[in-house]
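Examining the three-dimensional arrangement
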Amino acid sequence: MAAPLPVWLAEVPVDSLKDLRLFKGVETHLLEALIARSATRSLVAGECLLSPAMINQYMYLILEGRLRVHLGSPENPPIYLLGPGECSGEISFMDSERPSAHVIAEADTQVLCLHRDLVLELIERSSKAMHNLLGILCERMRRGNQLIVDTERNANVDTLTGLFNRRRLEQLFE
């Protein structure tokens with residue numbers, strides 16, 4: 001199932017985007033061209049923006065509101081929250097794979113929908129845009145790595161005492 005298409009044309013002032021991490025240092029005329037060909041989408045609280053069941057062709061830039069990111073299932077606790085100025089969908093949209101997480105609006109949220117072709121065109125024309133996107137992708141990888149480290153630690157250490165739990169002791173004394 002493909003993600004729903006954006007519902008109305010973007011009327012986002014370029015000046016409001018110039019200081020966002022993704023667009024920092026990108027020439028104004030390139031941003032104007034991108035926005036003129038992009039759209040916005042409004043989500044109500046609880047609405048799913050991305051899930052592993054969807055094919056994703058967009059990177060979503062949060063203009064207002066917050067998005068929760070859940071691994072495995074939307075019923076699992078969120079691994080992090082994304083707020084205004086942050087992006088979602090950039091990994092699945094770059095590698096043309098399905099999203100690895102469920103991304104759900106925590107509150108009423110408005111996102112700028114940047115189609116894959118438009119972003120690729122932007123990064124071809126602006127090395128600064130490419131640098132910014134690579135920085136965002138690296139941050140996502142670091143967050144994922146830290147989540148793995150934290151999960152492993154929680155699986156082996158009792159959070160109350162800080163001592164190794166039975167599972168870890170059995171591994172140590174095989």
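Everything in this summary refers to the structure shown in the same document. On a predicted model such as this, the values are computed, not experimentally measured, just so you know.

Considerations on the sheet that holds strand β5 (residues 67-71)
Sheet architecture is open: four strands sit in the order β3-β8-β5-β6, paired in antiparallel fashion. Of all the strands in the sheet, the pair left with one neighbour each is β3 (48-50) and β6 (80-82). Averaged over all pairs of adjacent strands, the angle between strand axes in this sheet comes to 35 degrees, irrespective of strand direction. Direction of pairing for β5 relative to strand β8 (residues 101-105): antiparallel, over a ladder of five bridges. Within β8, the residue paired with V69 across the bridge is V103.

Some remarks on helix α3 (residues 116-125)
All buried positions along α3 are accounted for by R116, L118, V119, L122 and I123. Along the axis of α3, the buried residues cluster in a sector spanning 165 degrees; they form a single face. Buried residues along α3 sit against α1 (28-36), β4 (58-64), α2 (90-95), β9 (109-115) and α4 (127-156).

Some remarks on the nonpolar core
In terms of nonpolar packing, the biggest core is built from 25 residues, with L17, L22, F23, M59 and L114 touching the most fellow members. Where this core is concerned, the elements lending two or more residues are α1, β4, β9, α3 and α4. Each residue touching L114, except ones within four places of it in the same chain, is listed here: L22, F23, L34, S38, Q57, Y58, M59, F93 and V119. Among the nonpolar cores identified, the runner-up in size contains 14 residues, and L49, L50, Y58 and V111 belong to it.

Calculation rules
- Residue numbers run consecutively from 1 along every chain, following the written order of its sequence.
- This being a predicted model, a pLDDT of at least 70 is required before a residue's local features are given, and a value of 80 or more before pairs of side-chain atoms are given or counted; all residues contribute to the totals for chains, interfaces and linings.
- Derived side-chain values reflect all non-hydrogen atoms in the structure, with water molecules and hydrogen atoms excluded from consideration.
- One requirement defines pairing of two strands: DSSP has to find at least two bridges between them.
- In this text, helices come from DSSP runs of H or I with a minimum length of four residues, and strands from runs of E with a minimum of two, each type numbered from the N-terminal end.
- Where helices are involved, their axes are fitted lines through C-alpha atoms of the stretch in contact, as for all axes, and angles between N-to-C directions lie from 0 to 180°.
- A 1.4 Å probe rolled over the protein chains alone gives each residue an accessible area, and that area as a share of the maximum for its type sets the label: buried under 20%, exposed over 50%, partly exposed in between.
- Taken from the helix axis, the directions to the C-beta atoms give the arc we talk about.
- Contacts: residue pairs with any heavy atoms within 4.5 Å of one another.
- Buried Ala, Val, Leu, Ile, Met, Phe, Trp, Tyr and Cys residues form a nonpolar core when they are joined through side-chain atoms within 4.5 Å.

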